[in-house]
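# Topology and contacts: notes
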Amino acid sequence: MKKIVTAGEIVVEIMATEIGQTFLEPGRWAGPYPSGAPAIFISQAARLGQPCGMISSVGADDFGKLNLDRLRADGVDVSAIAVHADAVTGTAFVRYAADGSRAFIFNIPQSACGRIAIDAAAEALLAGADHFHVMGSSLFSDRVVEVVRAGIAAVKARGGTVSFDPNVRKEILGASGMRAALDAILEQTDLFLPSGPEIFLFAQAEDEAGAVAELLSRGISAVVVKKGAAGAAFHSRRESVEMPGFVVEEVDPTGAGDCFGAAFVTHWLRGLAPAEALRLANAAGALAVTRKGPMEGASSTAQIAAFLASAEIRKE
Ligand code: ADP
């Protein structure tokens, strides 16, 4: 089976328990939960039984241990996650507003996350990788961009493939040189996984079909557009497939895109037809929103199968 490697931040997430709670007064908080978009992605891929590894760094503290224990239990190769005695593990505090929006306080670039590098362990991990996944939200510093470039180069040199979930944060797009870095990654991308309107940040066209056509003409093999509760669509030069999502009660949306992406990439690498890979990925995304906690939403193959046995497809 093909080995997937990703790189980026590992953090703990601490969540407000009540809507409208602020950061300005004491309140009730839930967590720490293991988190970080690339970590959620790789946890989900590993839970589906795919060989997986991650390049990252944490502090020599309990928040780092919580994440390492979880990723190890999921089956992720953690040999390239460096543990720094003189840095603390990254954190993300999140609160929820009544309109459904979220606000964060992150400690990421200044934490152990900022120490990410290609060391001997990362080189060894990449020497056995068949696929590299890039999470756009991880590109918070030149250092991460360098790690991602090295990961892509190593995998491509072995004839492997690259997937890219832009997961763009506005602050990242504004950073100097970031546009060029994102375009360079896109040039190397085989499978592109934007979320809804995000696609228009990477194409000139004003409608989805036009944007997809532009991206495919740039050499990308397949574009998968995530559409929240509505499901997802797959486009390649050969075919386009729309797949409605499943009816579930949304409890916590964090991690849905990461779990969807991991399930799609895993099944795409296994050679499943796009419609089947979309169906399984929609199931992984739907299950992710039913559980509180970012990484708690990742499902096993058996959990996805059990869900699909009675799942209701959304009709609209
Ligand atoms: P992101 O988290 O990257 O913005 P989406 O919100 O589009 O991505 O979610 C990714 C996938 O998760 C969707 O394509 C869909 O399959 C599933 N999903 C997300 N939200 C829901 C929901 N409320 N009900 C059912 N499925 C959902």
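Up top is the structure.
Rules behind the numbers
Residues numbered from 1 in each chain as written. Predicted model: local features only at pLDDT ≥ 70, side-chain atom pairs only at ≥ 80, totals over all residues. Heavy atoms only, no water. Core = buried A, V, L, I, M, F, W, Y, C linked by side-chain atoms within 4.5 Å. Buried < 20%, exposed > 50% of the residue type's maximum accessible area, 1.4 Å probe, protein only. Helix = DSSP H or I, 4+ residues; strand = E, 2+ residues; numbered from the N terminus. Contact = heavy atoms within 4.5 Å. Axes fitted to C-alpha atoms, helices over the stretch in contact; angles between N-to-C directions. Parallel < 35°, antiparallel > 145°, perpendicular 65-115°, else oblique. Left-handed = near helix turned anticlockwise from the far one by under 90°. Pairing = 2+ DSSP bridges. Near = heavy atom within 4 Å. Polar contact = N/O pair within 3.5 Å; in protein donor to acceptor, adjacent residues only side chain to side chain. Areas by Shrake-Rupley, 256 points an atom, 1.4 Å probe, with all protein chains shown as cover.

Time to look at the nonpolar core. It is characteristic of soluble globular proteins that their nonpolar side chains tend to be buried jointly. Ranked by size, the top nonpolar core spans 51 residues in total, and within it Phe-264 and Leu-278 carry the most contacts. At ten residues, the largest contribution of residues to this core is made by helix 9 (residues 274–289). Once you skip the residues sitting within four places of it in the chain, Phe-264 turns out to touch Leu-191, Leu-193, Val-224, Phe-234, Pro-274, Ala-277, Leu-278 and Ala-281. If you look at the next biggest cluster of nonpolar residues, it comprises 38 residues, including Ala-7, Ala-211, Leu-216 and Ile-220.

On to the packing of helix 8 (residues 256–269) against helix 9, then. Contact geometry for helix 8 and helix 9: axes closest at 8 Å, N-to-C directions at 155°. Comparing their axes, helix 9 and helix 8 come out roughly antiparallel. When the axes of helix 8 and helix 9 are compared, the crossing they make is right-handed. Together, Ala-256, Cys-259, Phe-260, Ala-263, Phe-264, His-267 and Trp-268 of helix 8 and Pro-274, Ala-277, Leu-278, Leu-280, Ala-281, Asn-282, Ala-284, Gly-285, Ala-288 and Val-289 of helix 9 make up the contact between the two elements.

This paragraph deals with the pairing of strand 4 (residues 52–59). Taken across its eight residues, strand 4 has eight buried, putting it largely inside the fold. With burial as the criterion, each face of strand 4 is covered, one bearing Cys-52, Met-54, Ser-56 and Val-58 and the other bearing Gly-53, Ile-55, Ser-57 and Gly-59. Summarising the sheet, strand 4 and strand 5 (residues 76–77) pair through two bridges and their orientation is parallel. Counterpart to Gly-53 in the pairing with strand 5 is Asp-77.

Close to the ligand lie 16 residues; Ser-195, Gly-228, Gly-231, Glu-250 and Asn-282 are nearest. In this structure, Ser-195 approaches the ligand through a side-chain N or O atom, which is 2.8 Å from an oxygen atom. For the ligand, whose accessible area on its own is 550 Å², the fraction buried by protein is 82%. When residues of the shell around the ligand are assigned to their parent elements, the largest contribution, four residues, is made by helix 9.

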